Structure formats: structure tokens, C-alpha cells
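Observations on chain architecture
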Amino acid sequence: MPICIPINGARSNFVQCPVCQASHSPVKGELKDGVYAADCQNCGHFFKFRAAGPVRSTFSVTINGQSYTVDNSYPGSTSLNEFLRQKGISPGTKVMCIEGGCGVCVVSATIMDPVTSKPRTYAVNSCCVPLLQCDGWDITTIEGLGNTRDGINPIQQRLADYNGTQCGFCSPAQIMSMNSLLKTNPKPTMEEVEQIMDSTVCRCTGYRSILDAMKSFAADAGPDLPGGLIDIEDLERKMCKKTGNPCTGKCSSDQSKTMLHMVTAGSQWLKPTNKQELYTLLNQHKADDYRLLHGNTGYGVYKDIGDWNYSVLIDVRGVVEFNIIQQGGATINLGSNLTITNLLEYFRIKAVDSNDFLKTFYSNICLHLEKVATTSIRNLGTWAGNLMLKHKHPEFVSDIYCILESMKTMLVIGDSTGKEMNYNIADFLKLDMTGKAITMAMLPIVNNPNVNIRTFKAMPRHQNAHAYVSAGFNMVVDAKQNYLVSGAPVLAYVGINKAFTRATLTENYLSGKQLGDPNILKGALTTLSSELVTDTVASLTPGPYRKNVALNLFYKFVLDICSQIVNPRYLSGCTDLIRPLSCGQQSFDTHPEEYPVSKPMIKLGATLQTCGEAEFINDTPPQFNEVYAAFVISTVGNADIDVIDPSPALAIPGVLKYISAKDIPAGGINNCSPAPKFQAKEEIFCSGKVLFAGQPLGLIVAEDQMTADYGAEMVKVTYKNVQPPVLTIDDAIQKKAFFKAPPGLSAGDADGAIAKSAHQLTGQIACGAQYHYQLETQISICYPTEDGMNILAGTQWIDGVQKIVGQVLNVPDSSVTVEVKRLGGAFGSKITRNFPISAACALAAHILRRPVRLMLNIHTNMKTIGKRTPYLAKYSVGFTDAGLLNGIKIDYYADCGATPNDVSAAAMPGWFDSAYYCANWKMTPFLCKTNKPQNTAARSPGSSPAVFIMESIMEHVAKSLNKDQLDVRKLNLYQKGQKTPSGMVLDYCNIRAMVTQLETSAQIATRKQQIVQYNTANRWKKRGISVLPLKFGLGWATAQYNTLVTISNGDGTIAIFHGGVNCGQGINIKVAQTCAYELGVPMDIISVKKTSTMTNSNSITTGGSITSELCCLSVIECCKMLTQRMAPVKAKMGNPKWKDLVAKCYSEGVDITARFVTEPVDVNPFAHYNVYGVCCSEVELDVLTGEHQILRVDMLYDGGKSLNPDIDIGQAEGGFVMALGYWLTERVIYDSTTGENLTANTWEYHPPMPKDIPIDFRIEFLKNSDNPRGVLGSKAVGEPPVCMATSAMLAVKHAIEAARKEISKDVFFGLDGPATVDTVQQNCLTDSTNLTYGK
Ligand SMILES: Cc1cc2nc3c(=O)[nH]c(=O)nc-3n(C[C@H](O)[C@H](O)[C@H](O)COP(=O)(O)OP(=O)(O)OC[C@H]3O[C@@H](n4cnc5c(N)ncnc54)[C@H](O)[C@@H]3O)c2cc1C
Ligand code: FES
Ligand code: FES
């Protein structure tokens, strides 16, 4: 009979062996409810034990209509995402960051809503949800909505139809967010749709197409967004097992009346159903290593859950008393189980139902809550969990703290004895919370109109970002007595320093004072300034900005309160930026006579992507014997390795091997740069000298991914000769740390021309790095075969991977087969940067003779992989009185990182001139060596920085002459017949006409006037506009793509194997359109296959925007061969059907397979042809916070005769938005002591979200355009639009200039990239002396 041992929960010792008395965690599975079995880890005795009390120890979860029983075979750390993916239930649900930040893992969960006690569907991040939490949940994944075989769901169809997918990696999650909304709100407004589409990052599309697709479901969608509302029943295919009808989710319940108690290997999971049970558990476990959890979203911020962290996990979701939401007496009482979504919805209702005074109050709270995290995080994350993060981690920038503190909230805290006490938040933050739980918040009801409460958040992007600084203010002010402050005001802050929560000195100062007196305001600001002491623990953002913005937020509050006495110009300071619903326009022409070429068509495979059926490399099911690998990386950037001790890792069960440079087989080389193409050797594993923090030192191979990642962290590495890392270009220049530079370019006599010019200027400008943020991180799976190695590589360059694996393993290149079907985003990160991954993975597979999967987690991906190359340019320019350029000299310094192989410096002279003619040039590159990973190509590498540098020079010229920026630009625009610095004569140049066209279509002159008026009327909001013309040289040289077109003789269907890599750019649809056009066949008989070294050997990398058109070119050549070969047979047959023609050709021995390799020759070393474009951006800036929004973008683009305007518009929008991140929100910060990347996560790194894109985004492709040098008259689109986003940054610069004008400091300044919010604000030069009521 079982021996009953009460579970006392102590870490790793909560059962006791009845024989040897050893205490340890049980290791066997559950027998039946509440009864467990264990082998004693000490003496081996097998025994049974029982948990105390009546409990459930299994539960069921429904996924896509199928019920799964979950027992204790899953540890508490298993996420829902792991369960979905590893069980093969939902390969369509993706995974990337595992910290709630990227949102690719979003699924719909129907769970009990604490407010209504009814089931409700929410979008949730499956990576943060522990599987054991899904007790009674009803989950829908992308597979539950529809599929391409049995029927596709309307959301899946709509996203595809709107061309809202590119690589498709984010698509399932975007759909699940929308599905969750429609399940609860079948007739949303467009505003509501736009509000909830904030959970998932899309790096490809620029969001406009996704938002339009989703807004087309809105009740107020106009005819420009076709599709219409849908019937809720159409949303899901899953059928109820009980009723046979579509599942309504009504059966689900996570509120079982019996406590759940699961004893898993190493920990216990408990889910009490009421307060009493919770308090009893707290009593039992308060001395143990326990953790309460509700949404578990805190895991996304602080990774402190997991078997090795906690032995007791208590899920409080079931505690019914914590669901309370009631208003009575003097307080609103909010139970601790209420999520931030619950709060938001509650306050939204109050904002509608209340009187005017409270309406504003509640609306302001809602605006702030909408800026907390994302919809899917808010759906599970509670206010109480958020406060506890602040309690546990004082540096945490908790918005909830600011909101609740400003409302003078009292917290009710219960302890293990069942006693409940009230605390104010300040006391709570100091309270020992061991054995305690937050049960409720009591918010005093505000009904005195003299009470002013407002909260603010200054953040690096408009959605899904923690605050730089948040603040909450509460002041009782009597306007009739010159704004007399009565009682004790509250000035609450986060983001200042770890300990700073309240500005108590200022609170005391203000009490009893008349705030309407300008001297009191001044005194308050002085006092506040004295007590705001910023530290570096709370933030990576510079202290001066945070202090400045903290003062400014208080000033905003004061302006708001004292609006009656404030100069109306200054009132612009009290509002936040208000973003209306976004919209877009796309305009292009097509050529029906050439269809399907030039026809707007959705991508091949778009519905596969939206149905989650598109298989990415990591969706490949594991093969027999497959193992997983993780890099061991260095934590310092400039040192020698002393000792590497893998033994702690090897001691972990499941860890199989440590592999290092020493394991490279005889004859193989430790170099993942394919020789002889690259100048420098790049080690796969460091052999002694560490060149950068994040450098791979070795590889841990284990039975599963988590063990591999954990094992890699456990390897002990010591270093010697640790030196300060070189991390900046300035530092490298000072230390003369250079690589051999390529030749520059000179034209005419720049020195002479500058010297003779009426005006000369010198200056410098810099632009930073950019993490590619491709949602599929670097990956390779290597399968040893009988004759070599098969590799599924996440690469843009299969040929390169083949070569490096050959050289590392010392095997024939031909024994290595590399394949890639699609990439989940690349943007240049997978040109050479997959080489180290594939090389290391192949080495492990070679040694172990087992399939090995190496997929980098986001942290390793961000630390180990180089970024977009930063540049610094020092320039001299000579020009006339009118601003005509005479001569330009640019010394440009590239930050190569540790090795110089990927830098685009040699190509930059082809882009520096951009749209401007100048007869005399001297461009000189310098390659800087820094202790960073090898920087690499990123969408529009070299060209984007070059255009930015040139535009900065133009800004400088115009400003120095006090002339209109556009006028100076127009004066210098190229004309037909002029020569570029590289000697290309422009026999086609329409840039002048295009600028004129855009000036009219975008009403530039009128808007400039309006901006002047706006800026005059508003002291604290400024607008800026910038027009940027572009000439972009597109080079084709050396671009070999090997393409095969084969026709099946049986049915005439056609398969294309092209040498490009499908990374979402629409290459497959374009080659299929071209093939259909050339052969005169329907599109539906053409398919495009994966790229492989077997069929597409010797193909160069995919990149530089040219791959699509050159693969189309090679398809054309193949088709020509086929047509030619088939022509005699066709002639004999008259007008045969295609299928018959093919069959006849085959029977007559005609070769119906054709192959062609492009090897184009350029007319100029830098360009085969030029792309022209012009772009106008208008922005609005909040001078007090530095936050800005892009009001409108008008882009006119000469894309020639677009092969597929839908695809090309998508490329233009996506490229532009990616570059908005480059210039405005994305920054990489390295630790100056160690060289480690401090922004290697989704919490600190901020690519644009949907509300960062232009509010009004208009793109027009030039009509009646052609390109005789292009493929079928087309031009490339992938990269030039990236360059045009510089206009947005320059518009911000102009808004800053308007702010400087207010304080008579409007002199030229260079605005380096990235101009993140903090940089922008600091450049406005506002200080506390400017914070007045205005005269
Ligand atoms: C991607 C992302 C973005 C975010 N952005 C923001 C942001 O912009 N601003 C911001 O302020 N926050 C932000 N957060 C934090 C988020 O608001 C919190 O993670 C969330 O509110 C925590 O609630 P939870 O229920 O998930 O807590 P859990 O993760 O379940 O728990 C968090 C902590 O609270 C404790 N706890 C939970 N419930 C109780 C209780 N009733 N009594 C006592 N202790 C309890 C747990 O033991 C744990 O220590 C973000 C989080 C993520 C992942
Ligand atoms: S994987 Fe879940 S949010 Fe990134
Ligand atoms: S399509 Fe959204 S990330 Fe690629």
C-alpha cells in the first residue's frame, strides 16, 4: 500500500524515502489522482506516496477541438508553445524570442474571463504560457482555422489577398490576433482592429497591408477595403465533439472546483481554487523556493521560472475571490486576477459613462494602459503581477505602478495565516512578500473636480516598449486661488533610478503653494531637478535625457492643470501625440496585354503561409537520432582564452558532447570564409584570441534544445590578458585599428574645386548599426548521409555554404548538398552569416554521425551575428552662392567589426552622389577594426548610409546659405547626359520631372506653409517636412544564377528551380509569371521548387535587389530554348494544346528541360541601370519627450514596368518601414567594459511596430515607365525605397530645427543615426529654464 507522505514542497526534497529517509524530488509519473510513484534517488527503493488533500493531478486541454490529457510528465517549465510544436500539433505556431516580445507564437485561447466568469477568447503568447497552466483551456492555433486542402478561413484568405505576407513567418500569429478579436467582437471598428494588431512584429511588410487586410473586417471599413464583415461561424473549422456543431468554446473552464496538484520531475504545480486554499499553500511553502504566477508574462521580462529555479509553482488563476471588480462606497475594488486588458476595458466603459471631468480622467488612464506591453501580453498579464515585478526588481519600469500610485491606491495583501491588511503602494514596495499574496487594489473614487491625476509614458516606439520614464501625478489644485495646491501631492516616477519612486522633496515643496505663480513653477522644477538623480541600472538610455524628460513630464502636467493661465502656444505641451487611424494609397499602372507579367498577383504560397502550412527549416520534424546544438559564446570582447571547462555542462543529463576548434578533422580548416573570395579568415570556433563578445568558442550538443542552451551557459570559461574592447569608429581611428581598405574613387579635382569655391564647409556625420531582426534566427540542420552531408540551411547563399562545409570538413564540395525552400526573413543577415552556423553544425554532425540542428536563440543570434555596418563620414564640400556643388571630398570609415569580409565600402562610391551632379569628387574608404562581430550586409547596405551622408551634406550646404532645403537639392539634380563620378553617362534620367510631379501631387508648397503656421502656433509640438530625391545604381555584375526549367511530359506541368532564395521578396511568383508569359501557358501549371546545390549549383548569393529580376532573366532564356526546341513540332501540329504539344515533343525526343546561367556584364562598374525615386515625409515632434510620429509619406518610385505591382509595392513599403527603424528606433548598445551587446533581446531592441509607420502612407509607381536595360522593362524595388526613409529622419531634423528656433539656437547641426527618441529630445536643446507658462 502507498506510503503517504505529505508534500512539504522544499526544493528537491519534498518526498522522503521510507527506507533510507533521503529527501528528494520524485521522478516517476503519476499513477492515479493524487498518488505518485518514485524511485529513491539514494537507495533505489520504489515507493508510492500521496499528496495531502483531495486534488486533481491531471487535466485536459482542448486544442483545435481535440482534447489532450496533460499529466505530470511535463515539467512546470514546458511552455504551451513547446507542447504545440514538439508534439507536431501546430508547426504553424512559430517561436522566436521566448520572451513575449516578438509575438510570432500568438494563439487564441478561450478561457474564463475573470470579470464575466464566462469563456472568452484571447490572443496569448504561447511561449510565455506554461503548459500546466492550460487547465481547461480551449486553444485554437492556425491549423484550427482552416487549411488549403479542406477550406481556408476568411482571415487566412484576406491576409493573403491583401498581400499581407512576405516571408510569412509572422502571418499565423497576425491571423490569430485577429481571430481572437473577431471571436469576442465580430463587428469591430477599424480603430479597434488597429489597436489590437500590436502583438506581433513583422519585419517584412511594413504592416500597411496587414492592417488593411484586418481592417477590411471592420464594421466601418469603406469600399477601399473590400471583403466585408464575416459570420463568426466561418472562423473556425473545429467541431464540438459533444454537439457536432462548430465549437463555441462554451465548454471550456479553467475554474475547476478541485485544486490541481501536479508533482512533476523536480517541482510541484498547484492551482488553488479559493483564497483559503491559497493561504494554506502559502503557509506550507512560505519557507520553500516557491513562486506565484498568473499570466506568467513576467517571464518575458525576467527569466526566473523553470525547474531549476522554483520547486513550487502556485497558479493563482483559480482563486475566485481574486476576480472581484466592484465599485462601492469610496473605492473601486479590483481583484488581483484582473488582467491589464480587464482594467483597460473597465476604464474604457467608465470613460464613456462618466461626466466630462471623469471622462478625461479615465480616457487618460486608458491611453496609458494601451501603451503597456502588447494586447496579447495584457490579455494574460495582471496588474498585480506587474506590481510584483516592481517589488522584486526595483529597477523595473512599471507603468502600472505609476498609474496606481498616482491614484493613491491601497493594496489588500493576504498572508499565510489568512490575515488581510491594507497597504499603500510605497509600504507595499518595502514589504516582505514571502508567504503573502496581493488580493485586491482599492482605487479611491475621484469626484472632486479639483483633483488632477494624469500619467505619462515616454517610450522609444509607439507600441510594445518599456518606458524610458513613466510618471504619475496627483494634485488637488484650486484654480480660483491661483492654483493653490492643497493636501499632499503625488509625483511618482519610474526609470530614474532603482530606488526612486516618489519625488518627495517636490511634493513637499508644492504643498500649500500657488502653482499659478511662475516662480513657484520654477521652484518646483528646481527642486525636482535636484532630486532626480539618474542611475544606469534603471535604463540603458542616457541619464540626462531621463532627467530632462522627467522634468518635462511634470511640466506637461502643470500646463494641463493651469491651462487657463498658459499662453495658448504652450498648451501644445500638455497633450501627447495623437495618432489617428492610419491609411495608405497605392497607385500603379499595369499592362494587360502582357499579363500575367505586370499583373498584380499575390505570392505563390501566400495561402500556405497564412494557413501555417509553409514549412520553415525549424518546422522540419526531427529525424531519427537527431540532436540539438547551442553555441558557447565569449562574454568578453578582447582577451585570450585561459581555460574552457565544459565539464559542468557535460554533467547535465542529456548533454552529449562539447565540440571546439580542436575537433576539426585533419585537413579541414577553422575558417568559415570561403576562400579565396574574402580577404580575412574567420574562425568558426575561437582558437585562443577572442575578437568580440559573443564569439563562438565551442558547441554543446544535447538531446533537446533546452538542454543544449542550458548546457552552453554552464560551460565555464576563464580569460586572460583581458583588454578594453574597441567599440567605436572614433576609438578605432585613435588606435589606428584598420584593415586594408579597397580603392576609393576620384573624379575631377575635388581639392581644387573646393578651394576655388565661394563657399567651403567641412563636417562629419555618422550612422549606426541595425540588427536584422529576421524572425527566423540563424539555423542549419545537417544530416550525415552515406556519401556526404545534406544540409537544410537558412542561407541566402547555398553555394557559399557548400564551400565552407567542404573546407572545414576537408570533404569534396560535391559531397555536400545544401537546400533551402524559404527563409523567415533574411535582409542580408543570411548572406555570409549563416556560414559559421552551417559550418559548426556540419562539424557536429560529422563527428557524431547524427543529424544535428543548430538554431540560435535570440540572445545568441543578437550577440554573435554582426549587424548593419556603422559608418562615420568626414566631408569637405565647395559650392557657389546659389548652392551649386563644385567639389565633394568624403573620407568614410566603416566599422567592420572583427573581420572585414562583409563590408560594402568598395561599392559605396556608386551611391554617394545619389541624385546630385557634382563634377569633382574624392571618396576615400577606411576599414575600422573593432571588437564586435563581423558587421554585414543589411537591406540596402552601403547605399543607405551613402545616401544619408550625401543628404546630410546637402542639408549642411542649404543651412549655411539659409536657403530652402528643397531648392538647393533641386538646383543640383542630375540631368540627362551628365556623368556620374564613376563615369556613367546618364542617357536616361527623369529625376527632375519626378521631383516636380511629387511637388504637385504631394502639395509640397502648401504643406510647407501649413507647417510654418503650425510651428508658429505651437511652442511644444513641431512639424518638419523633407523631400528626398534618389538615384540608385543597380549593379548586375558577377551575378550568376543557375536556373532549371523542366516540363513534365505526362501532363505538361512545369517546375522551375531557380538559383535565388525565397526570402519573402516574391521571387517565386515573378519567375512563374515570367515563365507563363514566355511560354504562353496558364499560371496554375507552374510550380517553383526549393533552391538546392543539386539543381542550382554555383549560384551567387540572393541580395542586392537583383535576384528576382535575374532569375526571371534566366527563366526567359530557358523558355526561349524550350520554345525554340518545341517550335518544329508545334509547327507540324498547328495550334496544339500545351499538354499535347509537350507529349508530342517528348515522344519525338525533344529535350523539354532547359538550364541557363546568368552572367550579366554591367555597362559601368557600379551600375547596370539607375532607379529613380522621390519621397516626401512629414513628421510631428513632441519637443518635451522627443517622441515623434510620421504624419504622411508620399513616395514616387520609378520601378519601370513592374513585373508584379502588388509584390513591388509590398517591397517598397516593407523596405521603407525597416529603414524607419534604422533611422529612428533601433539602437545597439555595447557594454564599454566587456564589449557585450546589452540590447540583445526584444525588451531593449525596438524595430517598428504598426503604430510607428506613417499615418498616411502613399506610394505611387511612375506611370508609363520602362527600363530597356531591365528584365521585361522592370526595375528592382527591394533596396532603393530603404534609402528614401532618410527623408523621415531629416523631417524629424527639421522639426528639431523649429524647436531650436524658439530658443534662438537654430544653427546647423548634424543629426547622427539612429535618431532615437532620447537623441531627438536632447537635440532640441530644451532645458528647465524654458519650462514656463509663456508670455
Ligand atoms: C513583451 C512584454 C512587454 C511588456 N511591456 C510592459 C510595459 O510597457 N510596461 C509595463 O509596466 N510592463 C510591461 N510588461 C510587464 C507586464 O505588464 C507584466 O509581465 C505583467 O503585468 C505581469 O503579470 P502576470 O500576471 O503575467 O504576472 P506573472 O508573470 O504571473 O508574475 C509576475 C510576478 O508577480 C507575482 N504574482 C503574480 N500574481 C500575484 C499575486 N496575486 N500576489 C502576489 N504575487 C503575485 C509572481 O510571483 C511573479 O513574481 C511587459 C511584459 C512583456 C512580456
Ligand atoms: S516567441 Fe513568443 S513572443 Fe516571441
Ligand atoms: S511577413 Fe511578417 S515577418 Fe516576414
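Residues numbered from 1 in each chain as written. Chains lettered and ligands numbered in written order. Predicted model: local features only at pLDDT ≥ 70, side-chain atom pairs only at ≥ 80, totals over all residues. Heavy atoms only, no water.

The name given to the chain in an unreviewed UniProt entry is FAD-binding PCMH-type domain-containing protein, and the organism recorded there is Patella caerulea. A UniProt comment under Sequence similarities (unreviewed entry) is attached to the chain, and it reads "Belongs to the xanthine dehydrogenase family." (UniProt positions renumbered as here; feature names shortened; annotations may be inferred.)

Counting its secondary structure elements, the chain contains 35 helices and 48 strands. At 32 Å, the chain has a C-alpha radius of gyration in line with the 34 Å of a compact globule built from 1335 residues. Across its three principal axes, the chain shows a C-alpha extent of roughly 90 × 80 × 70 Å. Buried residues in the chain amount to 65% of all 1335 residues. Excluding contacts between residues fewer than 6 apart, the proportion of contacts in the chain whose partners are at least 24 apart in sequence is 76%. Summing over all exposed atoms, the chain offers an accessible surface of approximately 44,300 Å²; the carbon and sulfur share of this is 53%. Positive and negative side-chain charges of the chain, numbering 122 and 121 respectively, have mean locations separated by a distance of 1 Å. (Helix = DSSP H or I, 4+ residues; strand = E, 2+ residues; numbered from the N terminus. Rg over C-alpha atoms; globule rule 2.2 N^0.38 Å. Buried < 20%, exposed > 50% of the residue type's maximum accessible area, 1.4 Å probe, protein only. Contact = heavy atoms within 4.5 Å. Areas by Shrake-Rupley, 256 points an atom, 1.4 Å probe, with all protein chains shown as cover. Lys, Arg positive; Asp, Glu negative; His and termini not counted. Charge placed at Lys NZ, Arg CZ, Asp CG, Glu CD.)

Attention shifts here to the sheet that holds strand β12 (residues 267-271). Either a parallel or an antiparallel arrangement is found when strands of a sheet pair, and the pairing is made through backbone hydrogen bonds. One open sheet accounts for 4 strands, arranged β11-β12-β14-β13; its pairing is mixed. Edge positions in the sheet fall to β11 (260-264) and β13 (290-293), since each has one partner strand and no second. On average, adjacent strands in this sheet sit at an angle of 15° to one another, irrespective of strand direction. Set on the sheet, helix α7 (residues 275-285) makes contact with β12, β13 and β14 (312-315); between it and β13 the angle comes to about 155°. (Pairing = 2+ DSSP bridges. Axes fitted to C-alpha atoms, helices over the stretch in contact; angles between N-to-C directions.)

If you roll a probe as big as a water molecule over the atoms, it shows you where there is empty space left. For the coordinates displayed, the defined rule picks out 13 cavities of 30 Å³ or more. The space that makes up the largest cavity amounts to roughly 140 Å³. Lining the largest cavity are 18 residues; nearest its centre among them are His462, His1188, Leu1224, Thr1225 and Asp1252. Where the lining of the largest cavity is concerned, the elements lending two or more residues are β47 (1188-1198) and α32 (1205-1225). Residue contributions to the lining of the largest cavity peak at 4 residues, all from α32. Along the lines of polarity and charge, the residues of the lining of the largest cavity split into 8 nonpolar, 5 polar and 5 charged. In this model, the second largest cavity occupies a volume close to 70 Å³. Residue lining of the second largest cavity: 13 residues in total, with Gly910, Thr980, Ser982, Lys1031 and Ala1167 positioned closest to the centre. Grouping the constituent residues of the lining of the second largest cavity by class yields 5 nonpolar, 6 polar and 2 charged. (1 Å grid on protein atoms, 1.4 Å probe; cavity = no way out; pocket = protein on both sides within 12 Å on 5 of 7 lines; lining within 4 Å. Points joined across faces, edges and corners; volume = space filled by probe spheres on them. Nonpolar A, V, L, I, M, F, W, Y, C, P; charged D, E, K, R; others polar.)

Turning our eyes to something else, we now look at unusual backbone geometry. The linkage connecting tyrosine 595 with the following residue, proline 596, adopts the cis geometry, with an omega of 5°. Following the sequence through the fold, proline 596 ends up in the loop between β23 (583-587) and α17 (606-610). The omega angle of the peptide bond from glycine 1313 to proline 1314 is 0°, so this bond is cis rather than trans. The backbone of isoleucine 98 sits at a positive phi, close to 55°, despite the residue not being glycine.

Our focus in this paragraph is the nonpolar core. Membership of the largest hydrophobic core comes to 287 residues, with the highest contact counts inside it found for Tyr493, Leu515, Phe554 and Ile1054. Not counting the four nearest positions on each side in its chain, leucine 515 is found in contact with Met475, Asn482, Tyr483, Val485, Leu510, Ile520, Val558, Ile561, Cys562 and Tyr1333. Residues Leu334, Phe347, Ile403 and Ile438 belong to the second largest nonpolar core, which totals 42 residues. (Core = buried A, V, L, I, M, F, W, Y, C linked by side-chain atoms within 4.5 Å.)

Our next topic: the pairing of strand β48 (residues 1256-1261). Here β23 pairs with β48 via 5 bridges, running parallel. Its bridge partner lying in β48, serine 587 is registered against glutamate 1260. Taken together, the 6 bridges between β47 and β48 define a ladder with parallel strand orientation. The residue of β48 that forms the bridge with valine 1193 is phenylalanine 1257. Crossover connection from β47 via α32 to parallel β48: handedness right-handed. (Right-handed = clockwise from strand over helix to strand, strands pointing away.)

The next point concerns the UniProt feature "binding site: Mo-molybdopterin" (unreviewed entry) in the chain. Mapped onto this numbering, the UniProt entry gives "binding site: Mo-molybdopterin" (unreviewed entry) at Gln796, Phe827, Arg939 and Gly1104. On the basis of their most widely separated C-alpha atoms, the annotated residues across 309 residues gather in one place, lying no more than 12.6 Å apart. Following the sequence through the fold, phenylalanine 827 ends up in the loop between β35 (816-820) and α23 (835-848). With relative accessibility at 12%, the residue phenylalanine 827 sits in the buried group. Here phenylalanine 827 is in contact with Arg203, Cys204, His772, Gln774, Gln796, Ala937, Ala938, Arg939 and Met1218, once residues within four sequence places are set aside. Relative to the elements of secondary structure, arginine 939 occurs in the loop between β39 (920-928) and α25 (943-960). Excluding anything up to four places from it in sequence, arginine 939 contacts Cys204, Phe827, Arg868, Gln1211, Gly1214, Gly1215, Met1218, Gly1278, Glu1279 and Val1282.

We now examine the site of ligand 1. Not every one of the 37 residues close to ligand 1 is listed here, only the nearest: Leu292, His294, Thr297, Thr382 and Asp399. One nitrogen or oxygen atom from the side chain of threonine 297 is found 2.6 Å from an oxygen atom belonging to ligand 1. Starting from 970 Å² of accessible surface for ligand 1 in isolation, the protein chains cover 98%. Looking at the shell around ligand 1, the elements with two or more residues in it are β13, α10 (375-380), α11 (383-392) and β19 (436-444). It is α11 that provides the largest number of residues to the shell around ligand 1, a total of 4 residues. Tallied by class, the residues present in the shell around ligand 1 amount to 16 nonpolar, 16 polar and 5 charged. (Near = heavy atom within 4 Å. Polar contact = N/O pair within 3.5 Å; in protein donor to acceptor, adjacent residues only side chain to side chain.)

Moving on: the packing of aromatic side chains. Tallied over the full model, the rule gives 33 aromatic pairs. Summarising the aromatic geometry, the rings of tryptophan 1036 and tyrosine 1169 are spaced 6.1 Å apart at their centres and angled 85° between planes, so their arrangement reads as edge-to-face. Placement of the pair is tryptophan 1036 in the loop between β40 (1021-1034) and β41 (1042-1047) and tyrosine 1169 in strand β46 (residues 1169-1182), with a sequence separation of 133 residues. Taken individually, tryptophan 1036 and tyrosine 1169 each receive the classification buried, so the pair is uniform in this respect. (Phe/Tyr/Trp six-rings, centres within 6.5 Å; stacked < 30°, edge-to-face > 60°.)

Counted by the stated rule, this structure contains 60 salt bridges. Note that arginine 149 is salt-bridged to aspartate 150, the shortest N-O span being 3.2 Å. Accessibility expressed as a relative area gives 45% for aspartate 150, which makes it partly exposed. We note a salt bridge from aspartate 427 to lysine 430, for which the minimum N-O separation is 3.9 Å. Of this pair, aspartate 427 and lysine 430 both sit in helix α13 (residues 425-430), 3 residues apart, which is roughly one turn of that helix. (Salt bridge = Lys/Arg side-chain N within 4 Å of Asp/Glu carboxyl O.)

Read across the sheet, 3 strands follow the order β20-β21-β22 without closing on themselves; strand pairing throughout is antiparallel. Strand pairing shows two members of the sheet lacking a second neighbour, β20 (451-458) and β22 (484-494), which therefore form its edges. Sheet twist, expressed as the average angle between the axes of neighbouring strands with direction ignored, equals 10°. Packing against the sheet, helix α16 (residues 543-561) makes contact with β20, β21 (469-478) and β22, and its axis sits at approximately 30° to β21.

Our focus in this paragraph is helix α34 (residues 1286-1302). Taking 1.5 Å of rise per residue, the 17 residues of α34 would be expected to cover 24 Å, and the 25 Å separating its terminal C-alpha atoms lies within 8% of that figure. In terms of residue burial, α34 counts as a mostly covered element, since 15 of its 17 residues are buried. (Expected span 1.5 Å × (residues − 1).)

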